[in-house]
Amino acid sequence: MGIVASAGLLAGGLLTLSSPAQAAGPEFTIGGPAETALHPYPATGSPLESSLDITVTNPSEDEENGDFAEEYTVRFDFGKLAGVADVSFDKEGSPDCERTGTTAVCHDYGIRPGLSTLAALQVSAAQGSEDGDSGTIEVTAEAEGATFRPFTAHVSIGGPDLSMKPLPLKTELGPGDSQPVPVTFTNNGTRAAQGVLLTLRNTRGLEFTERYQNCEYSEEDLGMGPGTWSTALCTFPGSFEPGATYTLEVPPTLRATEHAFYDTFLYRIEEDGTDARTALRSGARFSPGKGARLALREAPAVRSADLDPTDNQQEADFRTTNSADFAAYGDRAAGKPGDTVDVTLGFRNKGPAWIGYIRSGEPVATVDFTVPPGSYVVSKPDICRGVTAAGEYRENQEKAPRYFCSTPMSVLEDADFALPFRLKLVSADPGSNGAVVVRNTHLQAPALPFDPKPANNRAWVELNDEDSDATTGGSDDGGSTATGGSSSSGTSGTSGTSGTGGANGSSGGSGSTGTSGTSGSGDGSLAATGTVALAASGAALVALLAGGVLFTVSRRRPTR
């Protein structure tokens, strides 16, 4: 019976005597631009070159240990481009390659996680080629213990070349100022564009007065914080002929809002298509407009790639006469020697303006916290660094007498920049106070250039205040804290401390039990604390700041 049972298991594939199967090696994906359009070969002079980067994606998400540390070989086949385009390797962006006729073999070592460049190619129209000619570059790769998905790059001669005209926009504004945006573009290419996709993107202090039927809208952070950017994608069917210039029939109106200060407006045109829409929609939710419709005549034709996509976009920066009131707040706590207590300090932007340094990517402000005498910090937000009492560099971060905590590159008009600290009490002396100052990032020039009310830029963290009627709530070691106020809703992040908004993107319900402090008003009084933090990461328009979630900003209306 046992033999029969064993035979049945073998027949059913449930019993095996072979050794365990070996895990498959990593699989890499070769990629690059799906289509590259080249300027036709000129009647005189040299042809214009276009860059074509061949990339590889390592799917590992382990930045430290996900490298493929082996040698690999990449093979290029240019045979189908003969008579269409000439290809050469950019020596600075390519590995060691040996070319023979219409093929090339390249050798390299190591592939890090994420996207990286396999080879940088320079491509130009071949002499004798004609408008409309096309061909392909086929790329394969191999390595021991790994597989590669091949890639085919399409190259064509000629195509549309949509060029956006810069607009003479008024850039010095006041809240409520508005102006028309007569977007205008020209097709400088050799063939018509089949439908166009117009992108209108503006920062928080600007808004369009109407939402059109043939546009879809979203709010995005683009790495700068929720609601920082608004984007409109507008589609226009039709044939946009070479040599012709097009202008919107009814220019939309752009207005500076009450929150405007430093703002940017970007406008871009490109041939409409699935790839363009997918790229622009990535990571955002769009909703359709319900206003008037901007319609253009439709005409079917063959779609081609843009000859020069570098001139498809223009942008403008605006400076609005406005201000933002950054009001500091502190906290109260009580305990006996040896206790630990939790305090939350920071500032609220009472508006009306949002402040964003999107070009430079610099922090907007710094919270400068002096630790109350008779205590030292045992837990702090990651964005805060310990310094000396004079504000100078300090290598040892333990028990620092003072801490600097810088904001990201943008602070919204209703933001709460909450910083939770945990203090160890060495003594229980009553009335031990530590200053909380929101200031410019430059210690030598502390004034905030946009803040008309510097009197409320200072508050206090008070320990064992004899005049405080704060209700004490237990801490881990028997100490107490007197933060108060209800939390507003925000985006959850890493769990914070004592239910207060944390500088690492913490979430919480209500703040710690206690008596609410008063709004910071420049007289050293305490603001209500206990807000939920909304995690975001700062980013410049040109470069993103790496490092994940760097700060907490809770969107709530200031306590009145």
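Computed from a prediction, not measured in an experiment: that's the story for all the values here.

Novice: Any chance you could break down the nonpolar core for me, citing the residues and the numbers?
Specialist: Judged by nonpolar contacts, the single largest core of 43 residues is most densely connected at Phe326, Ile355, Leu419, Phe421 and Phe450. Contributions of two or more residues to this core are made by strand S25 (324-329), strand S27 (340-352), strand S29 (366-370), strand S32 (402-406), strand S34 (415-425), strand S35 (432-439) and strand S36 (458-463). Top element by residues in this core is S34. It accounts for 6 residues. The residues contacting Phe450, other than those within four sequence positions of it, are Phe261, Ser323, Ala324, Phe326, Ile355, Tyr357 and Val364. Judged by nonpolar contacts, the second largest core, of 33 residues, contains Ile30, Val56, Ala104 and Ala125.

Novice: Can you explain the sheet that holds strand S13 (residues 172-173)? Please cite residues and give values.
Specialist: The strand order across the open sheet formed by 7 strands is S13-S24-S22-S16-S19-S18-S23, and the pairing between neighbours is mixed. Each having just a single partner strand, S13 and strand S23 (287-288) make up the two edges of the open sheet. In the sheet, strand S18 (residues 215-220) pairs with strand S19 (residues 229-240) via 6 bridges, with the strands oriented antiparallel. Bridge pairing in S19 links Glu219 to Ser230.

Novice: How would you summarise the state of the cysteines if you had to cite specific residues and measurements?
Specialist: Scanning the entire structure with this criterion turns up 3 disulfides. With a sulfur-sulfur separation of 2.0 Å, Cys215 is cross-linked through a disulfide to Cys234. Taking the sign of the S-S torsion, about 110° here, the bridge from Cys215 to Cys234 comes out right-handed. Residue Cys215 is found in strand S18, and its partner Cys234 is found in strand S19; the two are separated by 19 residues along the sequence. As far as burial versus exposure is concerned, Cys215 and Cys234 are alike and both buried.

Novice: Describe in detail the sheet that holds strand S7 (residues 103-111), supporting the description with residues and values.
Specialist: With respect to topology, 6 strands assemble into an open sheet ordered S2-S11-S9-S4-S7-S6, the strand pairing being mixed. Looking at which strands have only one partner, the edges of the open sheet turn out to be strand S2 (35-38) and strand S6 (96-100). The average angle at which neighbouring strand axes cross in this sheet is 20°, direction not considered.

Novice: Account for the environment of Gly225, naming residues and giving values.
Specialist: Structurally, Gly225 is set in the loop between S18 and S19. Gly225 gets classed as buried once you look at its relative accessible area, which sits at 6%. Each C-alpha atom, one on Gly225 and one on Pro408, is 9.1 Å from the other, the two residues being 183 residues apart in sequence.

Novice: Let's hear about the environment of Phe261: which residues, and what values?
Specialist: By the element assignment, Phe261 lies in the loop between strand S21 (253-256) and strand S22 (262-271). For the pair Phe261 and Thr321, spaced 60 residues apart in the sequence, the C-alpha separation amounts to 6.6 Å. For Phe261, the residues in contact, after removing those within four places along its chain, are Phe318, Arg319, Thr320, Asn322, Ser323, Ala353, Trp354, Ile355 and Phe450.

Novice: Please set out the pattern of salt bridges residue by residue, giving values where relevant.
Specialist: Charged atoms that come close allow side chains of opposite charge to pair. Throughout the structure, instances matching the rule amount to 15 salt bridges. Notably, a salt bridge pairs Asp317 with Arg359, separated by 3.0 Å at the nearest N-O pair. Of this pair, Asp317 sits in strand S24 (residues 313-320) while Arg359 is found in the loop between strand S28 (355-356) and S29, placing the two residues 42 residues apart along the sequence. Given a relative accessible area of 37%, Asp317 falls into the partly exposed group. Overall, the relative accessible area of 37% leaves Arg359 in the partly exposed class. Counted as one network, the salt bridges with shared partners bring together Glu315, Asp317 and Arg359.

Cut-offs and rules
- Once a new chain begins, its residue numbering starts again from 1 and follows that chain's sequence as written.
- Confidence filtering applies because this is a predicted model: local features only for residues at pLDDT of at least 70, side-chain atom pairs given and counted only at 80 or more, and all residues used for totals across whole chains, interfaces and linings.
- Note that water and hydrogens are dropped before the side-chain values are worked out from all heavy atoms of the structure.
- We define the nonpolar core as a collection of buried residues of types Ala, Val, Leu, Ile, Met, Phe, Trp, Tyr and Cys that are connected through side-chain atoms lying within 4.5 Å of one another.
- Relative accessible area decides the class of each residue, using a 1.4 Å probe on protein chains only: under 20% of the type maximum gives buried, over 50% gives exposed, and in between gives partly exposed.
- Secondary structure elements follow DSSP: runs of H or I no shorter than four residues count as helices, runs of E no shorter than two count as strands, and numbering proceeds from the N terminus.
- The contact criterion used is simple: two residues touch if any of their non-hydrogen atoms lie within 4.5 Å.
- Think of it this way: DSSP has to see at least two bridges between two strands before they count as a pair.
- When two cysteine sulfur atoms are found within 2.5 Å, that pair is recorded as a disulfide.
- All axes are obtained by fitting lines to C-alpha atoms, using only the stretch in contact for helices, and the reported angles, taken between N-to-C directions, cover 0 to 180 degrees.
- Just to be clear on terms, a salt bridge is a Lys or Arg side-chain nitrogen sitting within 4 Å of an Asp or Glu carboxyl oxygen.

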